[in-house]
Amino acid sequence: MSEPMRYSTPPVELPLRMDRDPVPAEGCAGCAELAAVRSRARAVGDMTTVSGCNVYLRRHPEGHQ
């Protein structure tokens, strides 16, 4: 049986993602609306909605093919 650790371990450092925001497809009303919602959310500090809009924008181009 192993001995329990009696000291604290250093914190795990996760990389900071600095990905650019996805660009809306030109001429697509859905993409334009998502970009507008993202812009309004960022203006009021709602980063959860910003992140959600980015996810939808990244997935949305599949419908443009």
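J.: Residues and numbers for the pattern of salt bridges, please.
T.: On inspection of all chains with the given rule, the structure shows 2 salt bridges. Close ionic contact of R42 with D21 constitutes a salt bridge, the shortest N to O distance being 2.9 Å. Within this pair, whereas R42 is found in helix α1 (residues 29-43), its partner D21 is found in the segment before α1, the two being separated by 21 residues in sequence. R42 gets classed as partly exposed once you look at its relative accessible area, which sits at 36%.

J.: Describe the side chain of N54, naming the residues involved and giving the relevant values.
T.: One can find N54 in helix α2 (residues 47-59). Sequence-distant contacts of N54, that is, excluding residues within four places in its chain, are made with D21, P22 and R38.

Reading the values: rules and limits
Residues numbered from 1 in each chain as written. Predicted model: local features only at pLDDT ≥ 70, side-chain atom pairs only at ≥ 80, totals over all residues. Heavy atoms only, no water. Salt bridge = Lys/Arg side-chain N within 4 Å of Asp/Glu carboxyl O. Helix = DSSP H or I, 4+ residues; strand = E, 2+ residues; numbered from the N terminus. Buried < 20%, exposed > 50% of the residue type's maximum accessible area, 1.4 Å probe, protein only. Contact = heavy atoms within 4.5 Å.

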